[in-house]
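Observations on chain architecture
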Amino acid sequence: FTLNNTASLVISSANYTLTSGTIVHSSGTITFSGTQNITHTVAATYFNITVTGTKTLSGNIWNIAGTLTVNATATFAGTIGWTAATFSSIPTGSTTITIQNGVTYTVTSSLVMQGNSPTTAILFFTSNSATVRAIFTLDNGASQFVYFVRATRIDSGAGQTIWDVPGTITPLLTDTINWNPGSKPAPIAYSFIS
């Protein structure tokens, strides 16, 4: 399967299974919309992916070398997660992104999550479980831009601290690990005397 140049492909409300072969996806965007089972029995790396609806992931982890964009309500279910260079969510209204408890989702380069308003258009980011956290890791060294996000039952303990600028949201963080309200502090400059 090859997606050339800046071409786009939309896979809507159809199950998607990769059992053999190779994905060649180095530009353009594949959009997965609706309710879908996505199964990889062989490894594959995609470039840009846009997601809406419910995705039940199984088999090999979903690798995204470019950007995973989620600008509308979406649920990631199933037994595996994804790894994305960039995760971007900048919805225009209140939106909920749900990830599977106990499953790991990783961002390696850049995290951009921004609700549209500090009071009325919040970005909700939550585990699917009422008691068990989902694992969301932001690699050390990755950049982050997180505004007006209400995180619930998210464990980010394996990576860097995620700083969430709250606006007037209360409560901001519920049962999270390694999430803090406010802006990420600037690095400390050290000077050494020899």
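Everything here concerns the structure above.
Bear in mind the structure is a predicted one, so any value in this text is a computation, not a measurement.

1. Some words on the pattern of salt bridges
Scanning the entire structure with this criterion turns up 1 salt bridge. Between Arg133 and Asp175 there is a salt bridge; the shortest N-O distance is 2.7 Å. Placement of the pair is Arg133 in the loop between strand E15 (123-127) and strand E16 (134-138) and Asp175 in the loop between strand E21 (173-174) and strand E22 (179-181), with a sequence separation of 42 residues. Residue Arg133 is classed as partly exposed on the basis of its relative accessible area, which comes to 31%.

2. Digging into the pairing of strand E12 (residues 82-89)
For E12, the buried fraction is high: 7 of the 8 residues fall into the buried class. Sheet topology places strand E10 (residues 62-69) next to E12; 6 bridges connect them, and they run parallel. Within E12, the residue paired with Thr67 across the bridge is Thr86.

3. A closer look at the sheet that holds E21
What holds strands together in a sheet is hydrogen bonding between their backbones, with the strands either parallel or antiparallel. Reading across from one edge, E3-E6-E9-E11-E13-E15-E18-E21 is the order of the 8 strands in this open sheet, with parallel pairing throughout. Every other strand in the sheet has two partners, leaving strand E3 (16-18) and E21 as the edge strands with one partner each. With 4 bridges connecting them, E15 and strand E18 (residues 149-152) associate as parallel partners. Considered in E18, the bridge of Phe124 is made with Arg150.

4. Some points on the nonpolar core
Counting residues in hydrophobic clusters, the biggest one holds 42 residues, and the most contacted among them are Trp62, Leu68, Phe76, Trp82 and Phe136. Looking at which element gives the most residues to this core, the answer is strand E14 (residues 104-114), with 4 residues. Not counting residues up to four positions away in its chain, the partners in contact with Phe76 are Val51, Lys55, Leu57, Trp62, Leu68, Val70, Trp82, Ile97, Thr98, Ile99, Gln100 and Tyr105.

5. Side note on the side chain of Gln36
As for its position among the elements, Gln36 is in strand E6 (residues 36-40). Within polar-contact distance, the side chain of Gln36 engages the backbone oxygen of Ile11 at 2.8 Å. Reaching out from Gln36, the side chain makes a polar contact with the backbone oxygen of Ala14 at a distance of 3.1 Å. In contact with Gln36, other than residues within four places in its own chain, are Ile11, Ser12, Ser13, Ala14, Asn15, Thr54, Lys55 and Thr56.

6. A short note on the packing of aromatic side chains
Throughout the structure, instances matching the rule amount to 14 aromatic pairs. Put simply, the rings of Phe76, Trp82, Phe87, Tyr105, Phe125, Phe136 and Trp179 touch in pairs and so form one group of aromatic residues.

Analysis parameters
- Residues numbered from 1 in each chain as written.
- Predicted model: local features only at pLDDT ≥ 70, side-chain atom pairs only at ≥ 80, totals over all residues.
- Heavy atoms only, no water.
- Salt bridge = Lys/Arg side-chain N within 4 Å of Asp/Glu carboxyl O.
- Helix = DSSP H or I, 4+ residues; strand = E, 2+ residues; numbered from the N terminus.
- Buried < 20%, exposed > 50% of the residue type's maximum accessible area, 1.4 Å probe, protein only.
- Pairing = 2+ DSSP bridges.
- Core = buried A, V, L, I, M, F, W, Y, C linked by side-chain atoms within 4.5 Å.
- Contact = heavy atoms within 4.5 Å.
- Polar contact = N/O pair within 3.5 Å; in protein donor to acceptor, adjacent residues only side chain to side chain.
- Phe/Tyr/Trp six-rings, centres within 6.5 Å; stacked < 30°, edge-to-face > 60°.

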